[in-house]
Amino acid sequence: MKVMKNRLLGVLLPAVMTVMAIAGAPAMAKVVPLDRIVAVVDNDVIMESDLETRLKAVKRQLQERNTALPPEHVLKQQILERLVIENLQLQIAGRTGIRVDDWALNDAIRSIAERNGMTIEQFQKALEADGLSYREARNEIRREMLINRVRQRQVLERIQVTDRDIDNYLNSEEGKQQLAVEYRLGHILVALPEGASPSEIQAANRKADGIIEQLKKGADFSQVAVAQSQGQKALEGGDLGWRKADQLPSQFSAAVKNLQKGGISAPIRSPSGFHIVKLLDKRGDEKLLQEQLHVRHILIRPNEVRSDFEAQEMAKNLYKRLQSGADFGELARAYSDDTGTALNGGDLNWVSPNDMVPAFRDQMMNVPQNTVSIPFRSRFGWHILEVLDKRKEDVSSRVQRARIQEMLRNRKYEEELQVWLRELRDQAYVEIKL
């Protein structure tokens, strides 16, 4: 309410001055209203100066894009409605303690400048050339960041992407198309005339075989294509670009699937002649291998009755017992404060290094297999660990599902955002005074 009172003061002051003049106060210059309210929005107001500032900015943007301006009263109504929605979101930020500190703001401004190929100083000058001060720009960017953070918090918690959603996408035509393997092919065509005679067919076949021999001996494919191909892409070195399997001529598909990268097909016969294809590159079926380690550990935590020094001494004592031949699993079951793994003898099963806290990760990567580490400290307490085994795990499917989950969440976000904004507007008290 304090904000609203301060802003109302600027509106009421000219009116008070006018009443004083009528009541016989000393003669004054003609009173000119400084500002006025154009909308009341819950516990805040929108001033005419806010509306005019945004109106100028929108007009400038539309003119830069050579877009015809709608009638001014229509444009004002649209802009005022946008300001109302923004104001409601900023009020949520104030109530819920969402802030944008100067460090985050400076980082965002630096990123904007870099995306436009500018330094901060050049960015400031560009703003001034557009009639916008650096201070105004900072305030506007901070405002946009606040609104974005409010939306992230309010909308994302309403969105769920289940395993079934991901499976349904994978089984859909869009999903299959999106995830299909892509091939980049080089192509050489030895053409045949329509109604070619047997001798012409044999000659063309021999020519195609000869070209393949040249290529196998190391001839440059693109140079051979430019010199000898009669295909549409001959002058581009026969490069057909990236295509999915269902976008390839049917006679190419079977041949391409059996080729390794850099491989060259045998002559492929079609009504137009003999085709030679080379698999230049392939993407979409790469395996993503991630190192994993089978680890077990003992954790000794400091607590109300055990100091950090005492926890360290206890870990050292357990380490000595392990060095003397004690069973790791038995000690973990008896002493480890990691209740999730203690009953399993401290077994963490297979873990990825990047999933662990830095201190644990570094020890895990440096300890030889089947060797017990010396006690070390992490933010959880004092650990002793043993690496039982190592492997490379194909996590392609997991990464693919995570990517699809993120894509589906973004789609749902746009839909849910519109629903949330509509609800926000419908539930608010808004009085338009324009």
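Scroll up to find the structure this text is about.
In this text the structure is predicted, and so the values were computed from the model without any measurement.

1. Topic: unusual backbone geometry
Here is step 1 of the chain: The backbone phi angle of Asn66 is positive, close to 55°, even though this residue is not glycine.
Here is step 2 of the chain: Structurally, Asn66 is set in the loop between helix H2 (48–64) and helix H3 (72–96).
Here is step 3 of the chain: Phi is positive for Asn349, which is not a glycine, with a value near 65°.
Here is step 4 of the chain: With respect to the helices and strands, Asn349 occurs in strand E8 (residues 347–351).
Here is step 5 of the chain: Classification of Asn349 as partly exposed rests on a relative accessible area of 44%.

2. Let's talk about the sheet that holds strand E11 (residues 430–432)
Here is step 1 of the chain: In space, the three strands of this open sheet follow the order E2-E1-E11, with antiparallel pairing throughout. The open sheet terminates on both sides in strands that have one partner only, identified here as strand E2 (44–47) and E11. Taking each pair of neighbouring strands and ignoring which way they run, the sheet shows an average axis angle of 20°.
Here is step 2 of the chain: Bridge analysis of strand E1 (residues 37–41) against E11 gives three bridges, and the strand direction is antiparallel. Bridge assignment links Val41 to a residue of E11, and that residue is Val430.
Here is step 3 of the chain: The strands touched by H2 are E1 and E2; relative to E2, the strand with the most contacts, the crossing angle is about 50°.
Here is step 4 of the chain: Sitting on the sheet, H3 is in contact with E1, E2 and E11, with an inclination near 145° to E2.

3. Examining the packing of H3 against helix H16 (residues 396–427)
Here is step 1 of the chain: Remark: H3 packs on H16, axes separated minimally by 10 Å, with the N-to-C direction vectors making an angle of 90°. On the basis of the axis angle, H3 is roughly perpendicular to H16. Listed contacts from H16 to Glu81, Val84, Ile85, Leu88, Gln89 and Ile92 of H3 are Trp420, Leu421, Leu424 and Arg425.
Here is step 2 of the chain: Looking at the contact of H3 with H16 residue by residue, the class counts come to seven nonpolar, one polar and two charged.

4. Things to note about the pairing of strand E10 (residues 381–394)
Here is step 1 of the chain: As judged from the 12 bridges shared by strand E7 (residues 289–300) and E10, these two strands associate in the antiparallel manner. Considered in E10, the bridge of Gln290 is made with Glu393.
Here is step 2 of the chain: Judged from the three bridges that link them, strand E9 (residues 376–378) and E10 form a sheet pairing that is antiparallel. Paired with Phe376 across the bridge in E10 is His383.

The rules behind the values
- Residues numbered from 1 in each chain as written.
- Predicted model: local features only at pLDDT ≥ 70, side-chain atom pairs only at ≥ 80, totals over all residues.
- Heavy atoms only, no water.
- Helix = DSSP H or I, 4+ residues; strand = E, 2+ residues; numbered from the N terminus.
- Buried < 20%, exposed > 50% of the residue type's maximum accessible area, 1.4 Å probe, protein only.
- Pairing = 2+ DSSP bridges.
- Axes fitted to C-alpha atoms, helices over the stretch in contact; angles between N-to-C directions.
- Contact = heavy atoms within 4.5 Å.
- Parallel < 35°, antiparallel > 145°, perpendicular 65-115°, else oblique.
- Nonpolar A, V, L, I, M, F, W, Y, C, P; charged D, E, K, R; others polar.

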